[in-house]
Each structure stands twice: as C-alpha cells, then as structure tokens.
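# Residue-level structure breakdown
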Amino acid sequence: MLGPMGVTLAVFVGSLVVVLGLWMTGRDPRPRSAPESVPFIGGRPPAVHAWSRYHARYHVMALVFLAFDMEMVYMYPWAVVFVREGPIAMVEMGMFITILLLGILYAWREQVFEWA
Amino acid sequence: MDYASPPIALIAVGLAMAAGVYLIAVLDRSIAVLVGAGRWTWRGAIVGPIRSAALLLVQRRRTTERPDSPGWTLAPALLTGLAAVALAMVPIGPDMAAADPSTGFVVFSAAIVFVMIAVFLHGWSPNSALAMHGAYRFGAQALSFQIPFLLAMLATALPAESLSIVDIVDAQEPLWNVVRQPLGLPLYLVVGVAVSFWGPLNLPDASDLAGGTSVEDSGVARLLWKSARAAMLVAVAAMGAAGFLGGWWGPWLPGPVWMVIKAVALLTLLLVAGHLLPRVRIQRFVVIAWVILIPLALVNIFVSGALLL
Amino acid sequence: MGVRDALAHLAGGAVAPVFAVAGGGAREAVAELALSPSVELVDSPAAASVLLVAGFLPSDLHTPLAALHDAMPDPRCTVSWPLGSDHGSMPLSSSRLRIGPDDEPVQAVTRAYRALLSGVVATEPPIQPDVDPNPWRGVGPYGQGGRGMTGGTPYGRPMAELGPDRDGLRLDVLPLSIGPFFPRFPAGLILDVVMAGDLVIEGRVADSPFGGGEWRPPVGPFVRALSEPVPVAEIELARARQHLRWASDALITQGLPAFAMRVRRLAVTLTPGHASSVRALSRRLRLLRVPQWSGAGVGRIAPELLTGLALGPVSRAAGLGEDARAADPAYAELGFEPIVARDGDAAARWDVRLAEAAQSLELAARARGQRTGGVGIVEGPRGRLGPDDSPFQRLQSLLPDLLAGLEWGDAVTALASLDLDPEEAGTVAARPSRAEAA
C-alpha cells in the first residue's frame, strides 16, 4: 500500500520531526540581549547587515550546469536500456555528450570557471 | 519485499545514523590524535564525544540580531532528513533495504542535490557576513560536484541494467565494480567528500571563515549540524560500499557484516584524507570538477559500456 | 532539573572549548596550551565556554574584547593570564579565575571550566549594556513598512549599498572590519575590507594597536642583538622556532588542525639536532600538497616592489637575496648562504621558511660559541629589524595592492603567508634607544 517511496517519505519526515524536537530543547527562558546577538567578524560590530545583493560570480557556470542537468535526465533511462540496445545507444549518447563537452571547452576558454 | 514497514525503516535508519555519527566522532578524534603525535586514551576517544555532546546540550543556543529563524531551524533538520533518505536507499543485505524503489539511484541523487539547499539555508539564515560567505561558496562547490557525482555513480547502473540499488549490488556478484570500473571509486570518493564538505573540501565551514556557516551556532544547534554532516558522510560511505565494493557479497561472513566492514573502511579512508590533505581553493575545485572530473567520469562510462557490449 | 544537572556533570569532563586571545608576549604560551588533550582552541566565540585572555592588550582592544565575551553562550567564564603584565591592567580580570606565574596553565583552565560547568562558578552576565543600537523594528510582521526603511538602519544596522565592481555588474558591497580577534590572524591585526561577493575590492591592514607605547614587551634574542652580540646558536634556534610556529598556524588556516599540532610539538621541543626532522617535515608537506594547493600563484608580490624593504623570507621568496646575516663575519665563518626562491607566491614562502628553519638548526649545531656581529641591524625571522621600524610597518603599504581582486580564501592565505605580527610595532616603540631619544 505504501510502496517504497512512501516509506522513504516517512523516513524523511520522521527524521525531520526528531531533529526539530531536539532543537526545541535548546529553547531558552531568558530573552536575548542586544550585545549577545551581534554577529561575529572578529570583535568589532559589523557595519551593515549581511543580507545584500551578493554578487555570486558563478552565475554563468550555473547555466552550464543546467545544460548538463538536462543531459543527466536523458542519461538515467539510457543507462537502464544500454546493454539491450547495443552499440547504437553508445553512438547516440556519444554524439550528445560530445556537443556538451564542446560547450565545456568553450566555457573554459571564456574563463567562466574562474572566477566562476 | 522492496520496502520495510515505516516503523522498522525509521528505527533501522535512525540506529544506523546514530551508530555512524558516533563512530565518526570516535574515529575522527583518534585519527586527529595520531596525526598530531599526541597520546591516545580510551577515555578521550570513546567517552569524549559523549561528553562534548553533553556540553553542547547544556550550552545555550545563541541567536543573532535579525536572523531567518525558520531557515536556521530547518537547516540541520533538512540535512539530517536528506542523509536519512540517502541511507534508506542503501541495502544492508540481499533484499534487505529500508526502501528499494526501482529508481533508487535517482532518489539517492535527489537527496544529494538538496544538500546545497540545506547548507545555503544554514549559512544565509544567521545574517552574518562570514556565514553567508560560506553559504555562497558552497553554492559554487555544489553546482560543480553534482554532475561528476551523478556520472560517477551512473557507470554502476550499466552492468545492472537497472536504477535500483539492490540490482546494482546484485550485478556485482561476479566482480566488484571497483575492479571492472577502476576509475569509478576514486571519482566517487572525491565527489563524496565534496557532498559532505569534509576535510579538503570543507569550504562552507572553513577555518579561514572562522567556522563559516557554523560561526554563530552554539548549543544544540551546533550539535545537530555536526551530527547532520557526519550522517551525510555515513550515507556517502555506505553507498560507496554498496555501489563499488560489492555490497553484501563476500566469503564466510554474512552479508550485513560485510556491508558494515566495507562502509567503515571507506569511512576511515575519508577521515584520514580529511586530516592529511589541505583545503582546496574554491576556484581550483570548480575548474577541476568541470574540466577533469566530468571527462574522466564520461570516459569511465563509455569504456565500461564498451566492455559490456 | 535532573536531566540538566546530569548533562552538566557529564560535560564537566569534556574537552574544554576555549577561545584564546593571545595578546602581547603571549602567543607562544597560548600555542603551547593548545597541545594539551583537555583543551581545544575554537574558531568562534559561539563555540567556546571559556575566554582566555593572555598577555597584554592595549586599551583600544578592550571594547572588542567585551564584545567577544558577550558573544559567548551561557555558561561562560573568563580566565586571565597576565604573563608578566600587571594584573590590574588586565581587562575582564576577576579575582577567582586567573593564572599566576606559579600555576600550571592547562590545569588552571580545566579547573575553571569544570567549576563553571558544575555550578561552583556562576556564568558571567554580559558586560556591555543591553542597548539596541537602533530599536527601529518596522511596522509589519517582517520588519517592513514605516518610515526610515530605505537608507535607514533597520534592526540596528544599515543595509549594504551598491559599489563598483570590476565585472561591470554593480551589486551590493559589504564593508567588513575583520578583527582584532579573528582566529586566523594574530591578535590586534585589523583588516578593513570591502567585499563584492567573495572578491576583495579594497583591503587594508590598520596600524598596529600595540604601537602606542603602553606596552613594555619582553626582550627576545633578536631585539637584544640590536645592542649587544648574542650567541649565534641561541638566535638561530629562536628563528627556527618562530618559523615552525608560523607553519603550525598556517596549517590550521589550510584546514589541517591535527597536523598543525604535530608541527607545534616539534617547535616546542626543538633542538639543533632536529634539522633533519624539519627537512623531512618540509618534504612531507610537499607530498601532501600543502604549499601547492593553497599557495601556488596566490599572493604574489613582484620583486620590484620589495627591493630595499628587507622583508626577510617574503623578499627572499621573490628572488631578492637580501639577508643582513650575509654581511656578518660570524655567519660567513659558518658557511651561511641566503636561501632564495623564484616565484614570490605563498607556496614559495612556505618553502623558504621551512628551508631556513632547517638551515638555522644546522647553523646552531655547527656554531662553536660564535656571536653575532652587526650591532644596530638584525635579521629577524620576518625581516630586518632596524632601530626605527619593523617588518610589519614596512609591509603595510604593500597590502592594498596585494589584496585587491583576491577571493576571500586567497586573501587569508596571502596574509597568513606574509607572517604579519602587530606586536613588532610595540617592540619598536619600546626600544631603549627610542625611549632615551624621546
């Protein structure tokens, strides 16, 4: 009735509940005071809040990652039927992979990965 | 039966995680003492982790000025949940898995992928500059390791013609994957270290960020995060034993005992590497993951595929 | 509650997490403390239960120290360790938890920790007053709404503003004042950076707080050699020890705390016969890729910028053979040659320092009572010590150009490889010649 995915979900939710329960034991009756809540950067108070429009310089690498993630979606079923389909499966996936590898080569030359 | 009933699954996975986390604490301390040329004592190694955990339970849980409290609370819980899901996929004996869906490999990979969310939440929520920096650094690390991780493990599915982990282990009865796909295990160990951000790839919780995403953690929050990280390492080692070292196959001893031995062996290897190898620079790791690890993993897939035909 | 008391009793026997502040003259003593298995030096105050204040701290650093104390979670206590400074001038000094000259430091710290956990010593209240920097909280449930949101200071601090960026994509920049108690830097080192993402846009190291003249530092062999001949064996052994201590701190920065303890143990028990051990250590670190992975190409300073600055291993790693010992007849007798590398990056500085440590131990073993000659100029472990300045002050002007454009991890590696020591400014200020002239 449940199936393996149901059990997996039960395990996930169960461990979540246990950890959250343990977290609750850390609740403290004394309210936090201002000097005890200052973020630590070495002793001096920070000048600005940390939350900001952070320049994640690897945003172009994330696009390359998306392309390869879509390729992984194709490779999952390919791995299952590979032996059955024979050499044609290898040739087709090889062509697909080669195009993507050329993409990585181009990205490497354009210095997308540093500083990436 | 391809799954255990929920209470049994929860208890089994919970016990495995607790035992694994404690074992990691003991082994890590022992290896640190040996590498540091100190004196190893029974008390220090066996009772020490329990005492340190007791201290963290007594310590007050801190907060910062304007944190994202739901996110900060959820992060260690999410990481533990993902480690539990990953560990539930690993079979301990023939047909003895907490859950064995026909796409077990995909579920395991999904659990690995979401680690990025958990670590990012953990670093972003305290609203502290050093923690946030660790979170964004892990973003770069996570995007880079995920494809090599999936490709390294995918080669094990080729001889099994199935994505179910039990089938993958079954297909290793004649020969372990570490022998017929020699590139697979080293690649898997490298990206396994990247997933659990341990040792040389501990970039989000790095010492050059004064603890990184854990810089504002104290008390039970610190204990839960450390346990969650260790649980993830246990899951990675267990899956490595199942996927590459032949799982429960082995002479004389029963299957589950072999599984535990192999997982502990991989765990020890990863912990020793953590204490001997320096931290890799993030830019270097990104380049290596894309330019070296992905082509190597693809070579591994195609060569082993060609040998199967 | 029974459970809490049981846990506290169990925790009393744990390894004591200590956040150590090693002020003037205390770095070696605190480093030796870390070798004990019952004490662990932690990276952030949130992980610590004991704040160890050792050595001399100038008055500028008293407020950050109070902030550090308040950032520790309950239960917390402070242990002060004057080490030759006056007890009365130590900040946060209580009459109960102090380490005197006759006390064994590790036992005193663990005793304080156990007393804290068992309730004998009460947890300390926050030192700073409970005053919100800006009590503005907004109108809505998430702090939104109301006047003063944009450009104001919600929850005590302003929000980050836009800043220039070499990529042309203008996003927020974070101005950070890292230090003075950042665990990877020596106490007193304040790094003012402006970061856009994880790149340092501008970086600058502030003037040393030890240079104010408040401090009477202990006189080591290098400062003594400025005014009188010192035995070569003694000064070279001290130099090797300093280089190994630097290596231990640099290993912690690179994520190898266990290996760092091994190096530190060697530094503490160092004798002139250990030259081969140091060479073996250097080979082992190369094998484990420590200099290569962390420092290859990182923090390179061009030799043209270093000519004439006499910055010791930093200059010699860039290819400049400047070494005040080369002009000393005592060293010439022992066959001394400066060790020079080519690349000038952090990896080269690793190689030069470890090779110099081995060379110093060999010189110390070979020395037959020779004494240093050149009075007035001494080659310290970080560079030339002259009558008026210290390597730290000479290096400060080079840092903004070095740090601009570095990723954060590379910036920390670069600064660690330069072996900055703010205490040197204090030894300059306290020099007898200067005191007489002033």
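Figured I'd write up the structure that's included with this text. Because the structure is a prediction, the values reported are computed rather than measured.

Glancing now at the overall build of chain C. Scanning chain C from terminus to terminus reveals 18 helices and ten strands. For 438 residues, the compact-globule formula gives about 22 Å, and the C-alpha radius of gyration of chain C, at 24 Å, lands near that figure. Seen along its three principal axes, the alpha-carbon backbone of chain C occupies a region of about 75 × 60 × 50 Å. Accessible surface, chain C as shown: approximately 17400 Å² in total, 55% of it carbon and sulfur.

Taken residue by residue, the interface counts 25 residues in chain A and 45 residues in chain C. Carbon and sulfur atoms supply 56% of the area buried between chain A and chain C, which totals about 3000 Å² over both sides. Scanning the region where chain A abuts chain C turns up four salt bridges. One salt bridge in this structure joins A:Arg53 and C:Asp172, with 3.0 Å as the shortest N-O distance. On the surface where chain A and chain C come into contact, there are 14 residue pairs in polar contact (both at pLDDT 80 or more).

On to the side chain of C:Thr372. All names here are of chain C. Assignment of secondary structure puts Thr 372 in the loop between α13 (346-366) and β9 (378-380). Classification of Thr 372 by relative accessible area gives buried; the value is 8%. If sequence neighbours within four positions are ignored, Thr 372 has contacts with Ala 225, Glu 228, Pro 229, Val 230, Val 232, Ile 235, Asp 328 and Tyr 331.

Residues and elements named next belong to chain B. Together, Tyr 22, Leu 34, Trp 40, Trp 42, Ile 46 and Ile 50 give the surface a local cluster of nonpolar side chains, amounting to about 620 Å² of exposed area. For the nonpolar patch, the elements supplying multiple residues, two or more each, are α1 (6-35) and α2 (42-58). Broken down by element, the nonpolar patch gets its largest block of residues, three residues, from α2. By the element assignment, Ile 46 lies in helix α2. By relative accessible area, Ile 46 is classed as partly exposed at 30%.

All names here are of chain C. Spatially, β5-β6-β7-β8 is the arrangement adopted by the four strands of the open sheet, whose pairing is antiparallel. Both edges of this open sheet fall to β5 (161-162) and β8 (199-205), since each of them pairs with a single strand only. Pairing of strand β6 (residues 172-178) with strand β7 (residues 191-196) involves five bridges; the strand directions are antiparallel. Bridging from a neighbouring strand, Pro 175 pairs with Val 194 of β7. Against the sheet, helix α16 (residues 408-418) engages β6, β7 and β8, with an angle of about 155° to β7.

With 66 residues of chain A in contact, the opposing surface of chain B contributes 80 residues. Roughly 6600 Å² is buried in total at the junction of chain A and chain B, and carbon and sulfur atoms are behind 78% of that figure. When residues of chain A are sorted by the area they lose upon contact with chain B, A:Trp23, A:Trp51 and A:Tyr76 head the list and together hold 14% of the total. Summed over the shared surface of chain A and chain B, the number is one salt bridge. Between A:Glu36 and B:Arg60 there is a salt bridge whose closest N-O contact spans 3.8 Å. On inspection of chain A and its partner chain B, the count reaches twelve residue pairs in polar contact (both at pLDDT 80 or more). For the side of chain A that touches chain B, the elements supplying multiple residues, two or more each, are α1 (3-24), α2 (59-85) and α3 (87-109) of chain A. It is α2(A) that provides the largest number of residues to the side of chain A that touches chain B, a total of 16 residues.

Definitions and cut-offs
- Residues numbered from 1 in each chain as written.
- Chains lettered and ligands numbered in written order.
- Predicted model: local features only at pLDDT ≥ 70, side-chain atom pairs only at ≥ 80, totals over all residues.
- Heavy atoms only, no water.
- Helix = DSSP H or I, 4+ residues; strand = E, 2+ residues; numbered from the N terminus.
- Rg over C-alpha atoms; globule rule 2.2 N^0.38 Å.
- Areas by Shrake-Rupley, 256 points an atom, 1.4 Å probe, with all protein chains shown as cover.
- Contact = heavy atoms within 4.5 Å.
- Buried area = accessible area lost by both parts, 1.4 Å probe.
- Salt bridge = Lys/Arg side-chain N within 4 Å of Asp/Glu carboxyl O.
- Polar contact = N/O pair within 3.5 Å; in protein donor to acceptor, adjacent residues only side chain to side chain.
- Buried < 20%, exposed > 50% of the residue type's maximum accessible area, 1.4 Å probe, protein only.
- Patch = residues over 30% accessible without salt bridge, like charges linked within 9 Å, V, L, I, M, F, W, Y side chains within 5 Å.
- Pairing = 2+ DSSP bridges.
- Axes fitted to C-alpha atoms, helices over the stretch in contact; angles between N-to-C directions.

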